[in-house]
Amino acid sequence: MHSLGKALLAFQPREFIEEVIANGLPRRTPGTLTRPQALRQELAAIRARGYAIEDEEIEIGLRSIAAVVRGDSGNAIAAIDIAGLHIV
């Protein structure tokens, strides 16, 4: 999952997160989070630190970082990210 999606997902209600997990976590690269508990732990870490990181989870060489944008009510209404390719 891209950092933008993880950042937004982390601040959704638990029921919504569980629905996303129930729909499946398909593997795109060796780094993709496919185990439900691993994704739950990552979402908890995102909430704690305030931003999400994606390190080759959806495409080899792609890395990104994202943070949510909060509305007047304090709810996550959008996210912003920056992504780049890691070329060796």
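Everything quoted here is computed from the prediction, not taken from an experiment.

Chemist: Report on the nonpolar core, specifying residues and quantitative values.
Modeler: Ranked by internal contacts, the top residues of the largest apolar core, which has 13 residues, are Ala 7, Leu 9, Ile 17, Leu 39, Leu 43 and Ile 46. At the level of elements, helix 1 (3-10), helix 2 (14-22), helix 3 (36-49) and strand 2 (62-70) are the ones that each hand at least two residues to this core. Residues contacting Leu 39, with those up to four places away along its chain left out, are Met 1, Leu 9, Ile 21, Leu 25 and Leu 33.

Chemist: Tell me about the pattern of salt bridges, and please be specific about residues and values.
Modeler: Applying the stated criterion across every chain yields a total of five salt bridges. Here Glu 42 ties to Lys 6 by a salt bridge, and the two come within 3.4 Å at their closest N and O atoms. Residue Glu 42 is located in helix 3, and its partner Lys 6 is located in helix 1; the two are separated by 36 residues in the primary sequence. Comparing Glu 42 with Lys 6, the two get one shared label, buried. Note that Glu 18 and Arg 40 form a salt bridge whose closest N and O atoms lie 2.8 Å from each other. With Glu 18 in helix 2 and Arg 40 in helix 3, this residue pair connects regions lying 22 residues apart in the sequence. In this structure Glu 18 comes out as partly exposed when scored by relative accessible area, which is 28%. The exposure class of Arg 40 is partly exposed, given its relative accessible area of 29%.

Cut-offs used in this document
- Residues numbered from 1 in each chain as written.
- Predicted model: local features only at pLDDT ≥ 70, side-chain atom pairs only at ≥ 80, totals over all residues.
- Heavy atoms only, no water.
- Core = buried A, V, L, I, M, F, W, Y, C linked by side-chain atoms within 4.5 Å.
- Buried < 20%, exposed > 50% of the residue type's maximum accessible area, 1.4 Å probe, protein only.
- Helix = DSSP H or I, 4+ residues; strand = E, 2+ residues; numbered from the N terminus.
- Contact = heavy atoms within 4.5 Å.
- Salt bridge = Lys/Arg side-chain N within 4 Å of Asp/Glu carboxyl O.

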